[in-house]
Amino acid sequence: MITTEYVPGSPCWLDLGAPDVPAAAAFYGAVLGWDYESMGESEDFEGGMFKKDGKIVAGLGKLTEEGARSAWMLYYCVSDADATTQAVQQAGGTVRVAPMDLDDWGRMAQYSDPLGGQFAVWQPGTNKGLELVDQPGSLSWTELYTSDAAGAREFYGALFDWRFSDMPLPGGAGTYTLITPSGLPEDRMHGGLMQLRKEDLAATGGRPYWHPVFAVEDCDAAVAEVSGNGGSVQMGPEDMEGVGRLAVCLDPAGADFVVLTPSVS
């Protein structure tokens, strides 16, 4: 369960880099019921905030990196972005965006893990992070697909001091590793990682990638909106015992995400 009580190592923010900001705003508005508030447009910047019920649920910006694919970027809370940057480099990762201040909101940096999986960190200032999580229309889980689960555990475990626990996937389909921030109980699990073959990571040319899981009240209705608004469905909707009903989706620009109607416990 993700909460807004952000602690080091917990997911606290996400934003989407999209080639067409108005189109992305319209798509996610239809699928997740989000409202978009622009923060302005210029030659160097175009973007703003997604809100649900008046609370910030994500950021949106123009994709400017040449050759980059449209994708969601997940941010994890840290107490010192500069120290985290040193730790990333020492562990074999790459700094994509060096630590930088965003006014007095906080300090951010973006990285790639040793196999190329992209992620980011946020050192809170006046902005602690997302204002709504774990509710319909908001972030409820984070997930890494990688071709080296053991290496990912070593890298991210050293970086964020995460605790890991394994569970078998149904039908002998492998192992799913659950992630919990250090020192917190299992009900604060916030994500998971799963090993896939490189050929199953075609969207990134074999590189690992993180994606968000958004809670929705009705998975099938959300999937219908995905398909009806130019997106596509890679898997589902299907029921997963103990988890809920979910579908893996792509938005019209190819950014992947999951919609999930959680099981009623």
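Definitions and cut-offs
Residues numbered from 1 in each chain as written. Predicted model: local features only at pLDDT ≥ 70, side-chain atom pairs only at ≥ 80, totals over all residues. Heavy atoms only, no water. Helix = DSSP H or I, 4+ residues; strand = E, 2+ residues; numbered from the N terminus. Rg over C-alpha atoms; globule rule 2.2 N^0.38 Å. Buried < 20%, exposed > 50% of the residue type's maximum accessible area, 1.4 Å probe, protein only. Contact = heavy atoms within 4.5 Å. Polar contact = N/O pair within 3.5 Å; in protein donor to acceptor, adjacent residues only side chain to side chain. UniProt positions renumbered as here; feature names shortened; annotations may be inferred. Pairing = 2+ DSSP bridges. Axes fitted to C-alpha atoms, helices over the stretch in contact; angles between N-to-C directions.

**A closer look at the overall build of the protein chain**
(1) Moving on: A count of helices and strands for the protein chain gives 4 helices and 16 strands.
(2) Moving on: At 17 Å, the protein chain has a C-alpha radius of gyration in line with the 18 Å of a compact globule built from 265 residues.
(3) Moving on: Dimensions of the protein chain, computed from the C-alpha atoms along their principal axes, are close to 50 × 45 × 35 Å.
(4) Moving on: Taking all 265 residues of the protein chain together, 50% fall into the buried category.
(5) Moving on: A sequence separation of at least 24 residues applies to 57% of the contacts in the protein chain between residues at least 6 apart.

**Some words on the environment of Pro124**
(1) Moving on: Tracing the chain through its elements places Pro124 in strand 8 (residues 118-124).
(2) Moving on: Among residues more than four places away in sequence, those in contact with Pro124 are Cys77, Val78, Trp105 and Gly106.

**Some thoughts on the side chain of Asp113**
(1) Moving on: Mapped onto the secondary structure, Asp113 falls in the loop between strand 7 (106-112) and strand 8.
(2) Moving on: Side chain to side chain, Asp113 and Tyr156 meet in a polar contact 2.8 Å long.
(3) Moving on: The contacts of Asp113, once residues within four sequence positions are left out, are Gly93, Phe119, Phe155, Tyr156 and Pro208.

**Examining the UniProt feature "domain: VOC" (unreviewed entry) in the protein chain**
(1) Moving on: Annotation from UniProt places "domain: VOC" (unreviewed entry) at residues 10-124 and 138-262.
(2) Moving on: Within the segment residues 138-262, helix and strand shares are 18% and 45% respectively, and the terminal C-alpha atoms sit 13 Å apart.

**Describing the sheet that holds strand 10 (residues 163-168)**
Pairing between the strands of a sheet comes from backbone hydrogen bonds, and it takes one of two forms, parallel or antiparallel.
(1) Moving on: Reading across the sheet, the 8 strands line up as 10-11-12-9-13-16-15-14 and stay open at both edges, with mixed pairing between neighbours. Edge positions in the sheet fall to strand 10 and strand 14 (232-240), since each of these pairs with one other strand and no more. On average, each strand axis in the sheet is inclined to that of its neighbour by 25°, with strand direction left out of account.
(2) Moving on: Looking at chain direction, strand 15 (residues 244-250) and strand 16 (residues 256-262) are connected through 7 bridges and run antiparallel. Opposite Val248, over in strand 16, you have Val258 as the bridge partner.
(3) Moving on: Against the sheet, helix 3 (residues 149-160) makes contact with strand 9 (138-146), strand 10, strand 11 (175-180), strand 12 (191-195) and strand 13 (209-215), and its axis sits at roughly 145° relative to strand 12, the strand it touches most.

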